[in-house]
Amino acid sequence: LIDAVKDPAATGCSCGAGAFLSESWGDGTRTEPLHRKSFQLHCDLAQDLNLENYRELPVFSVNLDEVNQHDADGATSGRIPWLGNMSHAPLPGRSAQVDPSELVKSLLNYSFDNGATSLTGSVVGVNIDDGTITSVSIRMDSSDELEVPIDNDIVFTTGAWASNLESWIGIPTPIEGVWSTSLIWNEGIVDRTLAESPAALFCREDINGCHLEILPRPNGSLYVSGCGGSKVLSPATMRSESMCPKPGQTNKPDPSRVSAARASIGKTNILLNADCKPDIEQACIRPVSPDAAPIVGRIPGTKNAFIATGGGPWGITWGPVIGQSIARLILDRELSINLRNFSPRRFDTPVYRTLLRQRGKQASGKPIGEQW
């Protein structure tokens, strides 16, 4: 495992996620099998890995700018006590949540217990010989570069940085980065009744420009995303030197969206003190493809390289089935879902390849003169 950060379970990209899981929200779309199969795999993983913070919970749609009408005896039609008379209604289907750090840590420990090893550094290039990736170049903390030989297969799970493959291998990978703010209030600040009747809340867009996603966690903390105003970073921006992950570097949230989210959540009774600042203000960069579907499969034109990226807001939900699919591709075993709709080849068109050639030339697997 080559990762830009030393402890992915503590400071990796997934740690800033809400880790909300839905079984049916992809129904009727190309991602339906991803949701359906992966939701069940999450249930299995929670049991196999003894995850303490996995749980199923109900989900409600909330309108923060609307109050429920009272019925004849003066009671509200609300279904959740801690939302009072704020307009809300249950959403169908099975849903669950998992603690992202616990999940990542447990998966890593399982891998290391079964022979995996790790190396900390940022991948900055690859060497290719007749379609086979023979080594990758990584930049260490000291800024020194190290060539790491690849003896078998290699899987690129580089998230929002996946478009680097366009420079390294010459394969179209139009992944954008969506820079989104999220907030966490720790235990003691959140109404304790949430523990008695936990639920995930998905709010409609309100007058503050937020569409909050409110997730109370089993440890008593509260995770809030959907703060609005997310920045979209182009593939070229994600390939730039300034966006290369650095040890200890964290993404800064948008202060204006922090203020907006605090104003929106202050309309509820969730926080014991509406003026209390979040304990954590953060931002994560989610990888999104042009058609909002992940890119999963063997990289065209290579003999030993695979890619898995583009999960967007559903990266953790889809993670188990995508990981399983890549493993089965490598081992030449039967897949549990059809990957045709997620093939890397869907962006490999004459027009896109012409754009790639115009940006610069390739020589010995290394980019020369990247004229964006």
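Worth saying up front: this structure is predicted, and the values here are computed from it rather than measured. (Residues numbered from 1 in each chain as written. Predicted model: local features only at pLDDT ≥ 70, side-chain atom pairs only at ≥ 80, totals over all residues. Heavy atoms only, no water.)

Under the counting rule described, the total for this entry stands at six aromatic pairs. The interplanar angle of 50° and the centroid separation of 5.2 Å between the aromatic rings of Phe20 and Trp25 together place this pair among those described as tilted. Residue classification places Trp25 among the partly exposed positions, given a relative accessible area of 32%. For the ring pair Phe156 and Trp168, a centre distance of 6.3 Å and an interplane angle of 45° mean the geometry is tilted. In this pair, Phe156 is assigned in strand 11 (residues 154–156) and Trp168 in helix 4 (residues 164–168), connecting sequence segments 12 residues apart. Given the relative accessible area of 5%, Phe156 is considered buried. (Phe/Tyr/Trp six-rings, centres within 6.5 Å; stacked < 30°, edge-to-face > 60°. Buried < 20%, exposed > 50% of the residue type's maximum accessible area, 1.4 Å probe, protein only. Helix = DSSP H or I, 4+ residues; strand = E, 2+ residues; numbered from the N terminus.)

Bringing the pattern of salt bridges into the picture now. As enumerated under the stated definition, the model contains 10 salt bridges in all. In this structure, Asp27 and Arg36 form a salt bridge, with 2.6 Å as the shortest nitrogen-oxygen distance. Given a relative accessible area of 35%, Asp27 falls into the partly exposed group. The residue Arg239 makes a salt bridge to Glu166 at a minimum N-O spacing of 3.1 Å. Placement of the pair is Arg239 in helix 6 (residues 235–239) and Glu166 in helix 4, with a sequence separation of 73 residues. (Salt bridge = Lys/Arg side-chain N within 4 Å of Asp/Glu carboxyl O.)

Right, let's talk about the sheet that holds strand 6 (residues 95–97) for a bit. In a beta sheet, neighbouring strands pair by backbone hydrogen bonds and run either parallel or antiparallel. Strand order in the open sheet formed by three strands is 2-6-3, and the pairing between neighbours is antiparallel. In this open sheet, the two edge strands, each paired with only one partner strand, are strand 2 (20–22) and strand 3 (55–56). The sheet contact formed by strand 3 and strand 6 spans two bridges and is antiparallel. Residue pairing in the sheet places Glu56 in a bridge with Ala96 of strand 6. (Pairing = 2+ DSSP bridges.)

As a general feature of sheets, a regular strand has side chains that alternate between the two faces. Across four bridges, the pairing between strand 18 (residues 295–298) and strand 19 (residues 305–309) is antiparallel. Paired with Arg298 across the bridge in strand 19 is Phe306. Taken together, strand 18 and the strand that follows it, strand 19, pair antiparallel across an intervening segment of six residues, in which Gly301 is found at a positive phi of about 85°.

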